[in-house]
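Coordinate inspection notes
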Amino acid sequence: MSARLLRLAGTAAVAAQAVLAPAPAVAAPEPQRSVAELLTDLQQLYRHTEQATETYNATTEQLERQRAEVARLDGELARARLALQDSRTDAGRLARQQYQNSGGLGPYVRLLLAPDPQHALDEGHVIGELARARARTVGRLAAAEKRKDALARAARKALDTQLTLAARQKTQRDDVHSRLAGVERLLAGLTPQQLAAIARLEQQGAAEAQRTLATAGALPADRAASPEGERAVHYALDQIGKPYAWGARGPRAYDCSGLTSDAWSHAGTPIPRTSQEQWERLQRVPLKELRPGDLVVYFPEATHVAMYVGGGKVVQAPRPGGKVTVSPIAGRPILGAVRPGPARRS
C-alpha cells in the first residue's frame with residue numbers, strides 16, 4: 001500500500017473514532033438557592049464568625065493580664081536584685097570586720113586576763129550581738145538569693161506564657177478574618193432583590209419567635225431597673241448607630257460583648273469582657289424576671305449577648321456590617337439571662 005493510502009486510512013480511522021466517541025456531558029447549571037437556604041447559610045456564617053470573635057476576645061483578655069503579670073514580675077525581680085546587692089555589700093563588710101578582728105586573743109582568754117571581768121563580760125555581750133547580726137545578715141543574703149532565683153524562674157515562665165498567648169491570638173485573628181471573608185463572599189454574590197428578601201424573611205422569623213414567647217407567657221414583665229442598670233441602659237442606648245467591629249469595645253465601634261461590658265463599666269460595675277464569661281460568672285436570672293440592664297445570652301455556646309432595655313426589647317451590636325440597634329429579644333435562640341452586680345456565682 002502506498003504511503004498516500006496509508007495516510008488516508010489513518011485519517012479515516014481517526015474520524016471514525018471521533019464520530020463514535022460519546023460527546024462530553026454538558027455541566028448542568030446549579031439550581032438557584034432559595035431565600036431560606038441563603039438566610040440559613042448567612043446566619044451560620046455570622047454565628048461562627050461571632051464565636052471566633054469571642055474566642056479571640058478571651059485570648060486578648062488573657063494576654064493583657066499576662067503582660068501585666070510579666071511587668072509585675074520584672075519589677076519584683078529588679079527590686080530583688082537590688083536587695084541582693086545590698087545584702088552582699090553587708091556580708092562583705094562583716095567578713096572584713098571578722099578578718100580584721102580574728103588576730104589577738106579569744107574572748108574566753110580575754111575574760112580570764114581582764115582586770116575588770118564585768119567590763120569583759122559586757123564586751124562579750126556586744127561581741128555576741130555582733131555575731132548574731134552577722135548571722136542575720138548571712139540569712140538575709142541566702143533568702144535574697146533564693147527569692148531572686150525564684151522570681152527569675154517565674155518571670156521566664158510568665159514570658160513564655162505571654163509568647164504562647166500572643167501566637168494563639170494571631171491564629172485566632174486570622175480565623176476571624178477568614179470567616180469574615182466568607183461572609184463578604186456570600187453577600188457579594190447576592191443581588192439586591194435577594195438581600196431584601198433575606199432581610200424580610202429574617203424579620204418575619206424574629207417576629208414569629210417574639211409572638212411565641214408572648215403566647216407562652218415567657219416575656220419579661222415590666223420591672224424597674226437598679227440605679228446601676230439604668231445608667232448602663234442609658235449608656236448603651238447612647239451608642240445606637242455606631243458600627244459593629246469585631247474585637248471592639250468602644251467608643252467608636254463595638255462587638256456584642258464589647259457593648260455590654262463597656263456600658264456596665266460606665267455604670268460603675270465592671271463585668272467580664274466576653275459573652276461566655278458573662279454567662280459563666282454573672283448571676284443567672286429567669287427570663288420572666290428580667291429588668292432593664294440585665295444581659296440576654298444567645299446560642300448554646302453563649303456566643304452572643306445583648307442588654308435588656310424593657311418592653312421585650314434589647315439593645316445590641318448585632319453582627320459584622322450592622323450597627324448598634326434596638327431589636328426584639330427573641331431575634332436569636334435564647335440561652336438564658338444574667339444580672340451584673342455584686343452577687344456573683346461561685
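Quick notes on the rules
Residues numbered from 1 in each chain as written. Predicted model: local features only at pLDDT ≥ 70, side-chain atom pairs only at ≥ 80, totals over all residues. Heavy atoms only, no water. 1 Å grid on protein atoms, 1.4 Å probe; cavity = no way out; pocket = protein on both sides within 12 Å on 5 of 7 lines; lining within 4 Å. Points joined across faces, edges and corners; volume = space filled by probe spheres on them. Helix = DSSP H or I, 4+ residues; strand = E, 2+ residues; numbered from the N terminus. Nonpolar A, V, L, I, M, F, W, Y, C, P; charged D, E, K, R; others polar. Buried < 20%, exposed > 50% of the residue type's maximum accessible area, 1.4 Å probe, protein only. Polar contact = N/O pair within 3.5 Å; in protein donor to acceptor, adjacent residues only side chain to side chain. Contact = heavy atoms within 4.5 Å. Patch = residues over 30% accessible without salt bridge, like charges linked within 9 Å, V, L, I, M, F, W, Y side chains within 5 Å. Areas by Shrake-Rupley, 256 points an atom, 1.4 Å probe, with all protein chains shown as cover. Salt bridge = Lys/Arg side-chain N within 4 Å of Asp/Glu carboxyl O.

1. Observations regarding the layout of surface pockets
- Empty space within the largest pocket amounts to approximately 860 Å³.
- Lining the largest pocket are 33 residues, with Gln 43, Glu 202, Arg 319, Gly 331 and Arg 332 positioned closest to its centre.
- Secondary structure elements with two or more residues in the lining of the largest pocket: helix H2 (35-100), helix H4 (117-188), helix H5 (192-215) and strand E5 (325-328).
- It is H5 that provides the largest number of residues to the lining of the largest pocket, a total of eight residues.
- Of the residues assigned to the lining of the largest pocket, the class counts are 16 nonpolar, 11 polar and six charged.

2. Some details on the side chain of Gln 239
- Tracing the backbone shows Gln 239 in the loop between helix H6 (227-238) and helix H7 (256-266).
- The class of Gln 239 is buried, set by a relative accessible area of 4%.
- Of note is the side chain of Gln 239, whose polar atom sits 2.7 Å from the side chain of Lys 242.
- Excluding anything up to four places from it in sequence, Gln 239 contacts Pro 251, Tyr 254, Leu 259 and Val 324.

3. Some points on a nonpolar patch on the surface
- A cluster of nonpolar residues, Leu 237, Ile 240 and Val 326, forms a patch on the protein surface that exposes about 210 Å² of accessible area.
- Along the chain, Leu 237 turns up in helix H6.

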